Amino acid sequence: MFMQRQGLVIWLYSLKQAKMLRRFGNVHYVSKRLKYVVLYCNQHEVEELIDKLSAFSFVKKVEPSYKPFLKMEYENSAPDKAKEYDYKMGI
């Protein structure tokens, strides 16, 4: 039901055109100091959007987010002994 989403970080030369990027996806954040835009779009459109956005003259660089590809379930994480002792005492 839900579409898989992925973020793009778009580095700009000028923020004048940042408002125009709304037609490519959801603009999540605009940094005025560092001049970048965080844009969320559908995951199957990412490669096409990177090519389109890189062609604009006001875009310095486009970087995709790798969060959808990271494993969020950790294995063999050892519990902290001090915390485990505190829990047993009821603190």
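So, here is what we can say about the structure in this document. Counting restarts for each chain, with residues numbered from 1 along the sequence as it is written. Only residues with pLDDT of at least 70 are given local features in this predicted model, and only at 80 or more are side-chain atom pairs given and counted; all residues enter the totals for whole chains, interfaces and linings. To obtain the side-chain values, all non-hydrogen atoms of the structure were included, while hydrogens and water were left out.

A closer look at the environment of Tyr-40
Rule in force here: Strands are runs of DSSP state E lasting at least two residues, helices are runs of H or I lasting at least four, and both sets are numbered from the N terminus onward. Only protein chains enter the accessibility calculation, which uses a 1.4 Å probe. A residue is then buried if its area is under 20% of the maximum for its type, exposed if over 50%, and partly exposed in between. Throughout, a residue-residue contact means that at least one pair of heavy atoms, one from each residue, lies within 4.5 Å.
Along the chain, the position of Tyr-40 falls in strand 3 (residues 36–42). The class of Tyr-40 is partly exposed, set by a relative accessible area of 34%. Not counting residues up to four positions away in its chain, the partners in contact with Tyr-40 are Arg-5, Gln-6, Gly-7, Gly-25, Asn-26 and His-28.

What about unusual backbone geometry?
Positive phi values are uncommon outside glycine, yet Lys-35 reaches one of about 60 degrees. With respect to the helices and strands, Lys-35 occurs in the loop between strand 2 (26–31) and strand 3. Lys-35 sits in the partly exposed class, given a relative accessible area of 35%.

Examining helix 1 (residues 46–54)
This is how the line gets drawn: Summarising the geometry, the arc corresponds to the directions from the helix axis toward the C-beta atoms.
Those residues of helix 1 lying buried are Val-46, Leu-49, Ile-50 and Leu-53. Burial along helix 1 is one-sided: seen end-on, the buried residues are contained in an arc of 105 degrees. Opposite the buried face of helix 1, by more than 90 degrees, sit the exposed residues Glu-47, Glu-48 and Asp-51.

Side note on the packing of aromatic side chains
The geometry of two aromatic rings is summed up by the distance between their centres and the angle between their planes. Test applied: By convention, a stacked pair of Phe, Tyr or Trp rings (six-membered ring in the case of Trp) has centres within 6.5 Å and planes under 30 degrees apart, an edge-to-face pair has planes over 60 apart, and any other such pair is tilted.
Tallied over the full model, the rule gives four aromatic pairs. Measuring from centroid to centroid gives 5.1 Å for Trp-11 and Tyr-36, while their planes differ by 50 degrees, and the two rings are tilted. Here Trp-11, found in strand 1 (residues 5–12), pairs with Tyr-36, found in strand 3; they are 25 residues apart in sequence, far enough to count as distant. For Tyr-36, a relative accessible area of 18% corresponds to the buried category. An aromatic cluster is defined as three or more aromatic residues linked by ring pairs; in this entry it consists of Trp-11, Tyr-29 and Tyr-36.

Side note on the pattern of salt bridges
The condition that has to hold: By definition here, a salt bridge exists when the distance from a side-chain nitrogen of Lys or Arg to a carboxyl oxygen of Asp or Glu is within 4 Å.
Applying the stated rule across the entire model yields one salt bridge. We note a salt bridge from Glu-63 to Lys-61, for which the minimum N-O separation is 3.1 Å. Residue classification places Lys-61 among the partly exposed residues on the basis of a relative accessible area of 42%.

Quick look at the environment of Tyr-36
Each C-alpha atom, one on Tyr-36 and one on Trp-11, is 4.3 Å from the other, the two residues being 25 residues apart in sequence. In contact with Tyr-36, not counting residues within four places along its chain, are Val-9, Ile-10, Trp-11, Tyr-29, Val-30 and Ser-31.

Quick look at the nonpolar core
In plain terms, the rule: Here the nonpolar core consists of buried residues drawn from Ala, Val, Leu, Ile, Met, Phe, Trp, Tyr and Cys, with membership extended through side-chain atoms lying within 4.5 Å.
Core analysis: the biggest nonpolar cluster contains 16 residues, and Leu-8, Ile-10, Leu-12, Leu-21, Leu-53 and Val-62 have the highest contact counts within it. For this core, the secondary structure elements donating two or more residues are strand 1, strand 3, helix 1 and strand 4 (59–64). What Leu-21 contacts, discounting residues up to four positions off in sequence, is Ile-10, Leu-12, Val-27, Val-37, Leu-39, Leu-53 and Phe-58.

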